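Report on the structure
The residues making up each chain are set out below.
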Amino acid sequence: MQKLMFKGLMKDDSTLRELNMCNGAKLMLVGSKLNDVIAVSSANPEKLRAAEKTQDTTKKEPVCKQKIHKKVLDKGLPDDAMPGLKNLKERLPPAPVHGFNKTGGKVRLTFKMEADQLWIGTKERTDKIPMGSIKNVVSAPIETHEEYHIVGIQLGPTEASRYWIYWFPAQFVDSLKDTILGKWQLF
């Protein structure tokens, strides 16, 4: 299977003249190998369903058990961490929330509502991040310490751009997500 590209995918029924093609114009030919096309066209639907079921049954490893997070969690609770409360939802505190970043250094989160910014402060510097530029916020409880969470603040388009904060009090997680991402209302 092959397709021609010129300023996007070309339609099969259009001619070169209709596309205002001139001498020296560059086209891209995109195609699949014959073996790939045959493999897709001869795929057994029962095998595909079985493969999907096995993928659904294999669960992801909990965030707190992953190697990159385990090192920081093994340092233990920061001495200046706010007390965490499980099964409770509270508004964000006016004081900064303390925790660790992915390198195990102390980090301080300050919520500047009047400027619509999240300040992430470390010993070296303070990043002032506009709330609107944050793409996503994910969290997972820390096993054996469910009153605290690992929070990932996604600053870019991919998951690799997440800024991880460890030992974030559980009672503020929902409020953090609502403040940064906006509260969704069903009408």
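The structure contained in this document is the topic of the report that follows. The written sequence of each chain sets the order in which its residues are numbered from 1. Predicted model: local features are reported for residues with pLDDT of at least 70 only, side-chain atom pairs are reported and counted for 80 or more only, and whole-chain, interface and lining totals are derived from all residues. Processing note: side-chain calculations cover all non-hydrogen atoms of the structure and skip hydrogens and water entirely.

Digging into the overall build of the chain
Looking only at helices and strands, one finds four helices and nine strands in the chain. Helix and strand labels come from DSSP, where a helix needs a run of H or I of at least four residues and a strand needs a run of E of at least two; each type is numbered from the N terminus. Scanning the chain from its N terminus toward the C terminus, one meets helices and strands in the order β-β-α-α-α-β-β-β-β-β-β-β-α. Note on exposure labels: buried denotes an accessible area under 20% of the residue type's maximum, exposed denotes more than 50%, and partly exposed covers the range between, all computed with a 1.4 Å probe on protein chains only. The 187 residues of the chain split such that 29% are buried. Contact criterion: two residues are considered in contact whenever any of their non-hydrogen atoms come within 4.5 Å of each other. Contacts spanning at least 24 positions in sequence make up 46% of the contacts within the chain whose residues lie at least 6 apart.

Concerning the nonpolar core
Counting 21 residues, the largest nonpolar core has Leu 109, Leu 118, Phe 168 and Leu 176 as the members making the most contacts within it. Among the elements of the structure, strand S4 (106-112), strand S5 (117-121), strand S8 (145-154), strand S9 (162-169) and helix H4 (173-181) are those that each provide at least two residues to this core. Side-chain atoms within 4.5 Å are what join buried Ala, Val, Leu, Ile, Met, Phe, Trp, Tyr and Cys residues into a set we call a nonpolar core. Val 72, Leu 73, Phe 100 and Ile 150 belong to the second largest nonpolar core, which has nine residues in total.

Some points on unusual backbone geometry
What is expected of a backbone is that most residues other than glycine have negative phi and most peptide bonds are trans. Here Asp 116, not a glycine, exhibits a phi torsion of approximately 55°, which is positive. Counting through the fold element by element, Asp 116 comes out in the loop between S4 and S5. Residue Asp 116 is classed as partly exposed on the basis of its relative accessible area, which comes to 43%. At Thr 144, a position not held by glycine, the phi torsion is positive, near 70°. Position of Thr 144 relative to the elements: it lies in the loop between strand S7 (136-142) and S8. For Thr 144, a relative accessible area of 67% translates into the label exposed.

Points about H4
Looking only at H4, the buried set comprises Val 173, Ser 175, Leu 176 and Ile 180. On an axial view of H4, the arc spanned by its buried residues comes to 160°, and they lie on one face. If you follow the buried residues of H4, they end up packed against S4, S5, S7, S8 and S9. Just beyond H4, the residue with positive phi is Gly 182, at close to 90°. The directions considered for the arc run from the helix axis to the C-beta atoms.

Topic: the layout of surface pockets
Points on a 1 Å grid, built from protein atoms alone, make a cavity when a 1.4 Å probe fits but cannot get out and make a pocket when they are open with protein on both sides within 12 Å along at least 5 of 7 lines; residues with an atom within 4 Å of a point are the lining residues. Grid points are joined across faces, edges and corners, and a volume is the space filled by probe spheres set on the points. The computed volume of the largest pocket comes to approximately 150 Å³. As for the largest pocket, its lining consists of 10 residues, of which Lys 70, Leu 73, Ile 142, Glu 143 and Thr 144 are closest to the centre. Amino acids are sorted into nonpolar (Ala, Val, Leu, Ile, Met, Phe, Trp, Tyr, Cys and Pro), charged (Asp, Glu, Lys and Arg) and polar (every other residue, Gly among them). In the lining of the largest pocket, the residues fall into four nonpolar, two polar and four charged.

Some thoughts on the pattern of salt bridges
Pairing is possible between side chains that carry opposite charge, provided their charged atoms lie close to one another. Put simply, a salt bridge is a Lys or Arg side-chain nitrogen that is within 4 Å of an Asp or Glu carboxyl oxygen. Counting across every chain of the model gives six salt bridges. Two residues, Glu 159 and Arg 162, come together in a salt bridge whose shortest N-O distance is 3.9 Å. Through salt bridges with shared partners, a single ionic network connects Asp 79, Asp 80 and Lys 106.

A short note on the pairing of strand S3 (residues 97-100)
By this definition, two strands are paired if DSSP reports at least two bridges between them. Two strands pair when backbone bridges link them, and S3 and S4 are joined in this way by four bridges, in the antiparallel orientation. Looking at the pairing, Gly 99 lines up with Val 107 of S4. Linking S3 back to S4 in an antiparallel pair, the connection comprises five residues, with Gly 104 at a positive phi of about 90°.

Description of the packing of aromatic side chains
Any two of the Phe, Tyr and Trp rings considered here, Trp counted by its six-membered ring, make a pair once their centres fall within 6.5 Å; the pair's planes then place it as stacked at under 30 degrees, edge-to-face at over 60, or tilted in between. This structure, assessed with the given rule, holds one aromatic pair. With a centroid separation of 5.7 Å and 70° between ring planes, the pair formed by Tyr 148 and Trp 167 is classed as edge-to-face. Here Tyr 148, found in strand S8, pairs with Trp 167, found in strand S9; they are 19 residues apart in sequence, far enough to count as distant. This pair shows no difference in class: Tyr 148 is buried, exactly as Trp 167 is. A cation sits over an aromatic face here: Lys 112 above Trp 119, 4.6 Å from the ring centre. A ring is considered to have a charge above it if a Lys NZ or an Arg CZ atom is located within 6 Å of its centre and within 35 degrees of its normal.

Some points on a nonpolar patch on the surface
A cluster of nonpolar residues, Leu 4, Leu 16, Leu 27 and Leu 29, forms a patch on the protein surface that exposes about 350 Å² of accessible area. A relative accessible area of 54% means that Leu 29 is categorised as exposed. Each patch is built from residues lacking any salt bridge and having more than 30% relative accessible area; the joining distance is 9 Å for like charges and 5 Å for nonpolar side chains (Val, Leu, Ile, Met, Phe, Trp, Tyr). For every accessible area listed, the method is Shrake-Rupley and the probe measures 1.4 Å; residues are considered covered only by the protein chains on display.

The values reported here are purely geometric and, on their own, carry no functional implication.
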